[in-house]
Amino acid sequence: MKHLGLFIAMLAMSFSVLSQSNSGKSLAPKPAREGFVMLNGAYSIAPQFSVGFTAGMQRTWGWWVSVATDLNSGLPAFTHTDVDGTANYYYTGTKKTSRLSLQAGGMYKINRLFSAKLGAGYGYRKVGYKTMGNDFVKIANQSFQGLEYSVGVHLAMHETSFSLDLSTIGFSFRYAEVKLGVGYSFKLKNPKPRKNIKL
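Residues numbered from 1 in each chain as written. Predicted model: local features only at pLDDT ≥ 70, side-chain atom pairs only at ≥ 80, totals over all residues. Heavy atoms only, no water.

Engineer: How do you make sense of the overall build of the protein when you look at a structure like this?
Structural biologist: Helix and strand counts for the protein stand at 1 helix and 10 strands. Shown N-terminal to C-terminal, the secondary structure of the protein runs as helices and strands in the order α-β-β-β-β-β-β-β-β-β-β. For the protein, the residues scored as buried account for 31% of the 199 residues in total. Within the protein, counting contacts between residues at least 6 apart in sequence, those at least 24 apart form 60% of the total. As displayed, the protein offers around 13,300 Å² of accessible surface, 65% of which is attributable to carbon and sulfur atoms. (Helix = DSSP H or I, 4+ residues; strand = E, 2+ residues; numbered from the N terminus. Buried < 20%, exposed > 50% of the residue type's maximum accessible area, 1.4 Å probe, protein only. Contact = heavy atoms within 4.5 Å. Areas by Shrake-Rupley, 256 points an atom, 1.4 Å probe, with all protein chains shown as cover.)

Structure follows, in structure tokens:
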């Protein structure tokens, strides 16, 4: 019993010292949230070029959303489909493409400058040839539609942001593009902690 009482007394003293030391410490403030908006340009060797924008926010972890298009919304409905452009259609030589990409994803800050990005969404790239009958035939082996995903890296330097992404539609990598971005980054102040009101 004597040893048990001594052990309890030492344990109580340890908790007392630990509570006093913790009360003297201040909690480290959370890193400020960083937001960014940027313009993007994407290119594929298909060839295909598109433009768009990306916006996001992060602390250690973060999120982003992106929209891109080739600004060609006038592609008419396809009346037929040609596998590779060699079917018995009388083409005029006029070719039209349409590109749309809608993505969202997450990001993780690797260090003070760089963050890794990963995202997914919906996208398509459609190609059509015009015939002598003023119809547009979809070229199947040049047109892609469905799940689009990307991996990339984000660089933040002072008030400027840069990004480099590789994006593809589907899992075959038959259509892939490189996307570059540049824009403005900013920091948001953390909300002030609430003061404890003693009654």
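Engineer: Any chance you could explain the pattern of salt bridges here in plain terms?
Structural biologist: A side chain with one charge may pair with a side chain of the opposite charge, provided their charged atoms come close. Inspection of the entire model under this criterion finds 4 salt bridges. Note that Glu 34 is salt-bridged to Lys 109, the shortest N-O span being 3.4 Å. Here Glu 34 is found in strand E1 (residues 33–44), whereas its partner Lys 109 is found in strand E5 (residues 91–109), with 75 residues between them in sequence. Across the pair, exposure class does not vary: Glu 34 and Lys 109 are buried alike. In this structure, Lys 117 engages Asp 165 in a salt bridge whose closest nitrogen and oxygen atoms are separated by 3.3 Å. Of the two residues, Lys 117 sits in strand E6 (residues 114–131) while Asp 165 sits in strand E9 (residues 160–169), which places them 48 residues apart along the sequence. Asp 165 gets classed as buried once you look at its relative accessible area, which sits at 3%. Via salt bridges that share partners, Arg 99, Glu 148 and Glu 177 belong to a single interconnected network. (Salt bridge = Lys/Arg side-chain N within 4 Å of Asp/Glu carboxyl O.)

Purely geometric numbers; function is a separate question.
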